[in-house]
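Each chain, letter by letter, is given below.
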Amino acid sequence: MSELEKMYEVILDRKENPEEGSYTNYLFDKGLEKILKKVGEESTETVIAALSQSNEDLINELNDLAYHLLVLMAAKGITPADFDRVARQREAKQHNLKPERRKIEKY
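Below, the structure is looked at part by part. (Residues numbered from 1 in each chain as written. Predicted model: local features only at pLDDT ≥ 70, side-chain atom pairs only at ≥ 80, totals over all residues. Heavy atoms only, no water.)

With that settled, consider the overall build of the protein. On a plain count of helices and strands, the protein comes out with 5 helices and 0 strands. Tracing the protein from N to C terminus, the helices and strands come up as α-α-α-α-α. In terms of C-alpha radius of gyration, the protein reaches 16 Å, well past the compact-globule figure of 13 Å for 107 residues. With respect to the three principal axes, the spread of C-alpha positions in the protein is 45 × 35 × 25 Å. Residues classed as buried in the protein amount to 25% of the 107 residues present. As presented, the protein carries roughly 8700 Å² of accessible surface, and 52% of it is formed by carbon and sulfur atoms. Counting 17 positive and 21 negative side-chain charges, the protein places the centres of these two groups 9 Å from one another. (Helix = DSSP H or I, 4+ residues; strand = E, 2+ residues; numbered from the N terminus. Rg over C-alpha atoms; globule rule 2.2 N^0.38 Å. Buried < 20%, exposed > 50% of the residue type's maximum accessible area, 1.4 Å probe, protein only. Areas by Shrake-Rupley, 256 points an atom, 1.4 Å probe, with all protein chains shown as cover. Lys, Arg positive; Asp, Glu negative; His and termini not counted. Charge placed at Lys NZ, Arg CZ, Asp CG, Glu CD.)

Here is the structure:
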């Protein structure tokens, strides 16, 4: 079992068996809007770390983002198996390039 799968299992356990003082339970108690806000914040922090911080900082931000994405998945009833199913479907579409987007000039 991967670390992401373990993290998802802990998140599900907190959802089903709330634990006082748990940040995960705080997110579930506050609801989807709070979870989405945190996903947005962590996404932004990940971008900033990728542009201007060390790889270690980026790895930490990626972990924060992954955690909040897993909380979102659990809140919406999406499982890692659902994610894997779509990833396998996309993998089957090799050499399916999309048109190139306009280059970002400033950031």
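More follows now that the structure is in view.
Right, let's get into the environment of Glu 5. Secondary-structure assignment places Glu 5 in helix H1 (residues 3-16). Taking the C-alpha atoms as reference, Glu 5 lies 9.1 Å from Leu 70; in sequence the two are 65 residues apart.

As a further point, take helix H4 (residues 55-76). For H4, spanning 22 residues, the distance from its first C-alpha to its last is 31 Å, which sits close to the expected 32 Å at 1.5 Å a residue. Among all positions of H4, only Leu 58, Glu 61, Leu 65, Ala 66, Tyr 67, His 68, Leu 70, Val 71, Leu 72, Met 73 and Ala 74 are buried. Packed against the buried residues of H4 are H1, helix H2 (23-30), helix H3 (32-52) and helix H5 (80-91). Taken from the residues just after H4, Gly 77 is the one with a positive phi, measuring 75°. (Expected span 1.5 Å × (residues − 1). Contact = heavy atoms within 4.5 Å.)

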